[in-house]
Amino acid sequence: MAQWQELLKLDSALQGRVSQLYERKFPREIRHYLCCLIESQDWDLAAVDENKARTCFQALLVYLEEQWNCCVLENNMLQGPDFQGMKVYMLKHFEYFPLNLAVILSECLREEKKILASASEARGCGSSTLESKWRVLDSKINDMKRQTSEVKQEVKSLEDLIEKLNFIQKNWQSRVEEHVGLPQSQAVVEEECLKQANFITKTKQMVLEQIVQILKMGEQTVVTLQDEELPEWKRRQQMACIGSLADTSLDNLEKWFTTVAEVLLIICKQLQKLQDLIKKYNSTDASNLLGPMAEIKRFALSLLQRLLSIALVVEKQPVMASLPQRPLVIKTGVRFTVTVRFLANPQEFVQKCLLKVQPVFDKDVEEAKTVKGFRQFDFSSDYKLLDVYTPAGGLVAEFGHMLLKDTKGKVKGSQEAKVMDRPASKRKRNQSAEEQSHLAVTEELHMIKFVTAFQHAGLDFNIETSSLPLVVISSTNQVPSAWATVMWFNMLSQSEPRKLSLFLDPPSLPWQQLSQLLSWQFLAVGQLGLNENQLSVLRDKFVEDPDDLVHWKEFSKIETSAWFWIDGILDLIKRHLLDLWRDGSIMGFVSRVKTQELLQDKQTGTFLLRFSESSRDGAITFSWVEHANGETHVHAVEPYTKPELSVNSLPDVINRYSLKDHTNTTWKPLLYLYPNIHKDVAFGRYYNTSGMSTSKNSKDGYVPKNFIPVSDNPTPPASPTRELDMMDMMDMESNKDPSVGYDICCNNGW
C-alpha cells in the first residue's frame, strides 16, 4: 500500500503533523493525487543529482499531462482534480529549480516515515499484552466463523436428506415393486425410512446444539466488544484528541463487528431454513423443535441488536480546519467537520440497508435544563447516508459543513450570562453561591448526538452515538482557555455517560498526568515531546500542592497560569521554530541558574536556546558563555518575539548575530550549540542564503538591504542590548552615502 494511504488512516493529530510538513512547501493536493508516482521516484538521489532531479520532475509533468488529457476525453474537467492547475504550479515553481523540488520531497517523505514509525511505536506501547488479547479474540471469532460455516453445510445436508426421505415416503410402492418376490419388501422400505428419519432427527439436534454453542460464544464476544474493546478504543481516541500518539485505528474493531454480525445473520437464516423445512415436510418432531428454535432465533436477533446498537462510532471528532490539532473547540459561525463510521458492515448491510444519520446538538443533555445560563445554539447540518467512501470499504458518513450559531433571544438564565463569560477565577468574591455554581463559557461542555434508524432482518430500532464533549467559543481569544478545558476533561473523564457539569466542581489533576499531557502538546505541535529535565522545570511552575496535585482554578487562571505562557510558546514553535524544536536544538525550559551551570565549563562561544519566562505570547532567547581575562561570563540577549522572527528566522539570527566594541569592530560570539555542536552543523541547512546574495539591479533605485542583529559588547554586563542594523548587501556607489541602518535598543530579559 502507498505510504500516503497509510498516512490517511492516522488520527487527526498525526494527520495534522503531516499537514505541517507541506505547509508553505508543496501542495498536499499534488502529494495526494500523485502519491504512487511520487513514492516510486528516488528523491534522495535526486536531491544531490540535478540530472536525476530533472528526470523525476519530467516524470511528474508527463503524468499530469496524461491525467489532464483523460479528463478532457471523459468530459470531466470540472468535477475531477485540477491536473492542469497542478502542472502550471509545478512549472512555475520548479521548472528551473528541479533540485529544490527533490530536496523538498526527499525531506517530506523521510518525515512521513518518521510519523508512521511513531504511530507504530505508539501502537507498540504495551503491544505485547494488547496483541496477545487481540489474538485470543481473533481466534474466538474465527472459530465462531468456522463453526457457522459447518452449520451452514449441515443444514444444506439436512435439506437434501429430508427431501430424499420425503421422496421415498411418497414413492414407496415403486420401491416395493423393485423387491418383487420378497415378502419383506414393504418392511425393508419402512425400515430404511425409519433409519433415515432417526438420523435426520439426531442431525437436527446436533445442529441446534452447535448453534446454541455458537451463540454462547457470540454472547461472550459481544460482551467483550461492548465492555472492553470499544471503551478502550474510545479512551485511546480521547488521548489522541489531546495530543497522544495512541492508536485509534478501527481496523480490528470493524473486522470483529463485521464478522460477528455476519455470523449472527447466517445463524438466523439457518434457523429460519430449518423451521421452513420442518413446516414444509410435516416432520414428526415439529412440535418438539419449533418452539425451542423460535426461542433460539429470538436470542440470536437480540444479540445482533445488542451488537449493532454500539456499532456506530464517531471516527473523527468535531474539528475546525483552522485548528486541526485542537479538536472539540468549535467557534460559532465557523464550519467544522465530523466523521462517523458504522463498524458492522456485512455485504448484506452495504447492499440492502439505507442508513441515514441525523446529527442533533445537545440531545438529551440534562445540563441544558439544570444549569442556569447554559447556552443554546442554532445547529446547521442535514442528515447523511452511511456509504462506502473508502477503498477498503466500510460504512462512513462525513459531515463536512457543520455550523453553530448563537440563538437569538435569551436562554434560560441569560440574565446572568455576562457573569458566566468570565472564568471561575475572575468572578467576584461577593457573588452568591448560586452564581458561583454557574459555568464559564469556556467551561461549558456540549455534545453532538448522531442517530440512525435500523430496519433489517426483522429488527427495527434506533442506533445512537455521541461526540466527545466540546467547547463552543465566540472569539479566537478563548481558544487557550477552551483547550485547557478539553484537555482537563479528557484526562479525567474515562467513562460514559459524560458528566458535562464537571467544571462546577472540577477535580484536581496529579502532576504525573499533567506532565504527560503537556508533553503531548509539544509532541502534537512540534513532533517532539518534553524530556524529564524540561518537565522538572515546568513542575516548579505548576505544582504548589504537597500532594503533587494541580488545581483547576490555578491552571485556568488567565493572569498567572503557566498554561497560557506555554500556549504562547506552542504557537511560537508552530509558527517559527518547528524544524529547530523537532531537531532537538532548543533546550527550551531551563532556568537562569541552570543555564549558568551548563555553560560555565564550556568553551567560549557555546550557547543554548531557551524560552523567555517573561513573555506570555512566546519568545526565545539564546545564552552564551565567554571566557576572558580569567573570568567567565554568561550572557543572554533580549528574547526574540513572533513579529521579529517573522522578519528573520532564528537560524539566520544565530548565523548573523554579532557584537561590536567601541571601535565598531564586529564579531560573531555564537559558535557552538550546547554541548559542542558547531552552529553551521546544527542550523546550516536552515540559513537563508538567497537573502545575502548581491544583485546588480537595484529595485526602483533603492539599494537592497538585509537585517543583521548586532549588540554592544557586554564587558562584563550580564546581558547585551540588541540593535537591528540594516546592512547593505552590495557595493555602494562611491559618490553616495546612504543610511545603512537604524538602532532599536531593547531592555534585557530572562
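Just so it is clear, the structure is predicted and the values come from calculations on it, not from any experiment. (Residues numbered from 1 in each chain as written. Predicted model: local features only at pLDDT ≥ 70, side-chain atom pairs only at ≥ 80, totals over all residues. Heavy atoms only, no water.)

**What about the confidence of the model for the chain?**
Per-chain confidence: the chain averages 81 in pLDDT, with 81% of residues scoring 70 or above. Confidence drops under pLDDT 50 across residues 723-750; counting only partners more than four residues distant or on other chains, this segment forms 70 contacts. (pLDDT = per-residue confidence, 0-100. Contact = heavy atoms within 4.5 Å.)

**Concerning the sheet that holds strand β2 (residues 329-331)**
Note on sheets: strands pair through backbone hydrogen bonds, and any given pair is parallel or antiparallel. What the three strands build is an open sheet, ordered β2-β12-β9; its pairing is mixed. Because the sheet does not close on itself, it has two edges, and the strands there are β2 and β9 (445-446). Strand direction decides the pairing type here: β2 and strand β12 (residues 470-473), joined by three bridges, are parallel. Note on β12: the bridge partner recorded for Ile 330 is Val 472. Contacts from helix α18 (residues 479-492) reach β2, β9 and β12 within the one sheet, and its direction differs from that of β12 by about 170°. (Pairing = 2+ DSSP bridges. Helix = DSSP H or I, 4+ residues; strand = E, 2+ residues; numbered from the N terminus. Axes fitted to C-alpha atoms, helices over the stretch in contact; angles between N-to-C directions.)

**Remarks on the pattern of salt bridges**
Pairing is possible between side chains that carry opposite charge, provided their charged atoms lie close to one another. All told, the structure shown has 29 salt bridges when counted by the stated rule. Taking the shortest distance from any N to any O, the salt bridge between Asp 579 and Arg 582 comes out at 2.5 Å. Residue Asp 579 and its partner Arg 582 are located together in helix α22 (residues 562-583), separated by three residues, close to a single helical turn. In this structure, Arg 610 engages Glu 613 in a salt bridge whose closest nitrogen and oxygen atoms are separated by 3.7 Å. Under the relative-accessibility criterion, Arg 610 is labelled buried at 1%. Judged by its relative accessible area of 36%, Glu 613 is partly exposed. Among the ionic contacts, a cluster of salt bridges with common partners joins Glu 111, Lys 114, Asp 579 and Arg 582. (Salt bridge = Lys/Arg side-chain N within 4 Å of Asp/Glu carboxyl O. Buried < 20%, exposed > 50% of the residue type's maximum accessible area, 1.4 Å probe, protein only.)

**Some remarks on the layout of surface pockets**
Taken as a whole, the second largest pocket spans an internal volume of roughly 1,200 Å³. Around the second largest pocket, the lining comprises 39 residues; the ones closest to its centre are Lys 25, Glu 107, Asp 579, Arg 685 and Tyr 686. Listed by contribution, the elements that provide at least two residues to the lining of the second largest pocket are α2 (12-22), α8 (98-124), α22, α24 (642-647) and α25 (650-656). With 10 residues, the top contributor of residues to the lining of the second largest pocket is α22. Residue classes in the lining of the second largest pocket are distributed as 12 nonpolar, 11 polar and 16 charged. (1 Å grid on protein atoms, 1.4 Å probe; cavity = no way out; pocket = protein on both sides within 12 Å on 5 of 7 lines; lining within 4 Å. Points joined across faces, edges and corners; volume = space filled by probe spheres on them. Nonpolar A, V, L, I, M, F, W, Y, C, P; charged D, E, K, R; others polar.)

**Brief notes about the nonpolar core**
Counting 154 residues, the largest nonpolar core has Phe 342, Phe 542, Trp 563 and Phe 622 as the members making the most contacts within it. Ranked by residues supplied to this core, first place goes to helix α12 (residues 251-280) with 14 residues. If sequence neighbours within four positions are ignored, Trp 563 has contacts with Arg 326, Pro 480, Trp 483, Ala 484, Met 487, Leu 518, Gln 521, Phe 542, Phe 555 and Leu 570. (Core = buried A, V, L, I, M, F, W, Y, C linked by side-chain atoms within 4.5 Å.)

**Considerations on empty space enclosed by the protein**
Counted according to the given criterion, the structure contains three cavities of 30 Å³ or more. Here the largest cavity defines a volume of roughly 100 Å³. As for the largest cavity, its lining consists of Trp 233, Lys 234, Gln 237, Val 313, Val 314, Gln 317, Thr 465, Ser 466, Ser 467, Leu 468, Glu 496 and Arg 498. Listed by contribution, the elements that provide at least two residues to the lining of the largest cavity are α11 (185-241), β1 (312-320) and β11 (459-466). Its residues assigned to classes, the lining of the largest cavity shows four nonpolar, five polar and three charged.

**Structural notes on the environment of Gln 67**
Along the chain, Gln 67 falls in helix α6 (residues 50-73). Overall, the relative accessible area of 22% leaves Gln 67 in the partly exposed class. In sequence terms Gln 67 and Phe 83 are 16 residues apart; their C-alpha atoms lie 6.6 Å from each other.

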